[in-house]
Amino acid sequence: MTAGPGRVALIILPLLVLFLAGQAAWPWSWPRPEWGLIVVTVMALRYGGRAGAWFGLACGALVGLFSIGNPGLLAALYALWGLSLGGLLSPYADRPLLYPLSLLSATVSMGVALWLGRSLGLDLPGIYAVRHWVVSASLANLVALYPFLWFVQHLWGYYVLKPLKVEGE
């Protein structure tokens, strides 16, 4: 059984608000998952570029509201990531290794974007803080990814990984 992106959004976005509210209570130095990146990566790989951009827009704005970041800038970055990831790699979403590799590259890309924004004069964390964030968020994201995939797949009956297509079916 599969669900469309609209139905999944009605379930995942309120859940993301709960995750982010809980995450906001954790100490800053604690390595924690970036739930917005996890949601955008999974949904962009499953549903493609357009859905990835919409999920990215919503997730980036929510992450910006629950953190010290700029909601508009984060929404644009997450939407761009969701669009590019879903547009380029969605046809290969049947490969389980694609999820952790995409999430790792998303975290590193977000760190590079923050560093570039700091270089352009935006009020963002310095390079040392960004480096620390990239390492800790990458590890925490990889740890949180498979429980999130399990949760989505088993509790909602929603199969995250696209099944392999067999010729002649």
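Residues numbered from 1 in each chain as written. Predicted model: local features only at pLDDT ≥ 70, side-chain atom pairs only at ≥ 80, totals over all residues. Heavy atoms only, no water.

Trainee: How would you explain the overall build of the protein chain if you had to name every residue and give the values?
Mentor: The secondary structure content of the protein chain amounts to 6 helices and 0 strands. The order of α-helices and β-strands along the protein chain, N terminus first, is α-α-α-α-α-α. By the burial criterion, 44% of the 169 residues in the protein chain qualify as buried. (Helix = DSSP H or I, 4+ residues; strand = E, 2+ residues; numbered from the N terminus. Buried < 20%, exposed > 50% of the residue type's maximum accessible area, 1.4 Å probe, protein only.)

Trainee: Could you give me a rundown of the nonpolar core, with the residues and numbers involved?
Mentor: Counting 39 residues, the largest nonpolar core has V39, Y78 and F148 as its most contacted members. Beyond its immediate sequence surroundings of up to four residues, F148 is in contact with I12, F19, W35, I38, V39 and V42. (Core = buried A, V, L, I, M, F, W, Y, C linked by side-chain atoms within 4.5 Å. Contact = heavy atoms within 4.5 Å.)

Trainee: Report on a nonpolar patch on the surface, specifying residues and quantitative values.
Mentor: Taken together, the side chains of L104, V108, V112, W115, L116, I127, Y128 and L142 present a nonpolar region at the surface, about 710 Å² in accessible area. If you tally residues by element for the nonpolar patch, the top one is helix α5 (residues 98-119), at 5 residues. Mapped onto the elements, V112 comes out in helix α5. (Patch = residues over 30% accessible without salt bridge, like charges linked within 9 Å, V, L, I, M, F, W, Y side chains within 5 Å. Areas by Shrake-Rupley, 256 points an atom, 1.4 Å probe, with all protein chains shown as cover. Salt bridge = Lys/Arg side-chain N within 4 Å of Asp/Glu carboxyl O.)

Trainee: Residue-level account of the side chain of S138, with values.
Mentor: On the secondary structure map, S138 appears in helix α6 (residues 127-156). Classification of S138 as buried rests on a relative accessible area of 9%. In this structure, S138 is in contact with L104, T107 and W133, ignoring residues within four places of it in sequence.

Trainee: Mind laying out the confidence of the model for the protein chain, listing which residues take part and the relevant values?
Mentor: Confidence in the prediction of the protein chain, expressed as mean pLDDT, is 79, and 82% of residues score 70 or more. The least confident element of the protein chain, judged by mean pLDDT, is helix α1 (residues 5-24) at 77; the most confident is helix α4 (residues 71-89) at 88. (pLDDT = per-residue confidence, 0-100.)

Trainee: How would you explain α4 if you had to name every residue and give the values?
Mentor: For α4, built from 19 residues, the straight-helix expectation of 27 Å at 1.5 Å per residue is met to within 8% by its first-to-last C-alpha distance of 26 Å. For α4, the full list of buried residues reads L74, A75, Y78, A79, W81, G82, L85 and G86. Mapping the buried residues of α4 onto a view down its axis gives an arc of 165°, with all of them on the same face. Relative to its buried face, α4 has exposed residues pointing more than 90 degrees away, namely L80, G87 and L88. Close packing links the buried residues of α4 with α2 (35-47), α3 (49-66) and α5. (Expected span 1.5 Å × (residues − 1). Arc of directions from axis to C-beta.)

Trainee: Give a description of the packing of α2 against α5 that names residues and reports values.
Mentor: Where α2 contacts α5, the two axes come as close as 10 Å, and the packing angle between them is 130°. Classified by the angle their axes make, α2 and α5 are oblique. Seen from above, α2 lies across α5 with right-handed handedness. In contact with L37, I38, T41, V42, L45 and R46 of α2, α5 contributes L98, Y99, S102, L103, A106, T107 and M110. Looking at the contact of α2 with α5 residue by residue, the class counts come to 9 nonpolar, 3 polar and 1 charged. (Axes fitted to C-alpha atoms, helices over the stretch in contact; angles between N-to-C directions. Parallel < 35°, antiparallel > 145°, perpendicular 65-115°, else oblique. Left-handed = near helix turned anticlockwise from the far one by under 90°. Nonpolar A, V, L, I, M, F, W, Y, C, P; charged D, E, K, R; others polar.)

Trainee: Can you break down the environment of V17 residue by residue, with the values?
Mentor: With respect to the helices, strands and loops of the structure, V17 is situated in helix α1. Sequence separation between V17 and W35 is 18 residues; the distance between their C-alpha atoms is 9.6 Å. With residues up to four places along the chain from it excluded, the contact list for V17 reads L62 and F66.

Trainee: Could you give me a rundown of the packing of aromatic side chains, with the residues and numbers involved?
Mentor: This structure, assessed with the given rule, holds 2 aromatic pairs. Centre to centre, the rings of F19 and W35 are 4.3 Å apart; their planes meet at 25°, and the pair counts as stacked. You can see F19 sitting in helix α1 and its partner W35 sitting in helix α2, a full 16 residues away along the chain. Given a relative accessible area of 27%, F19 falls into the partly exposed group. Look at W35 and you get buried, because its relative accessible area is 13%. (Phe/Tyr/Trp six-rings, centres within 6.5 Å; stacked < 30°, edge-to-face > 60°.)

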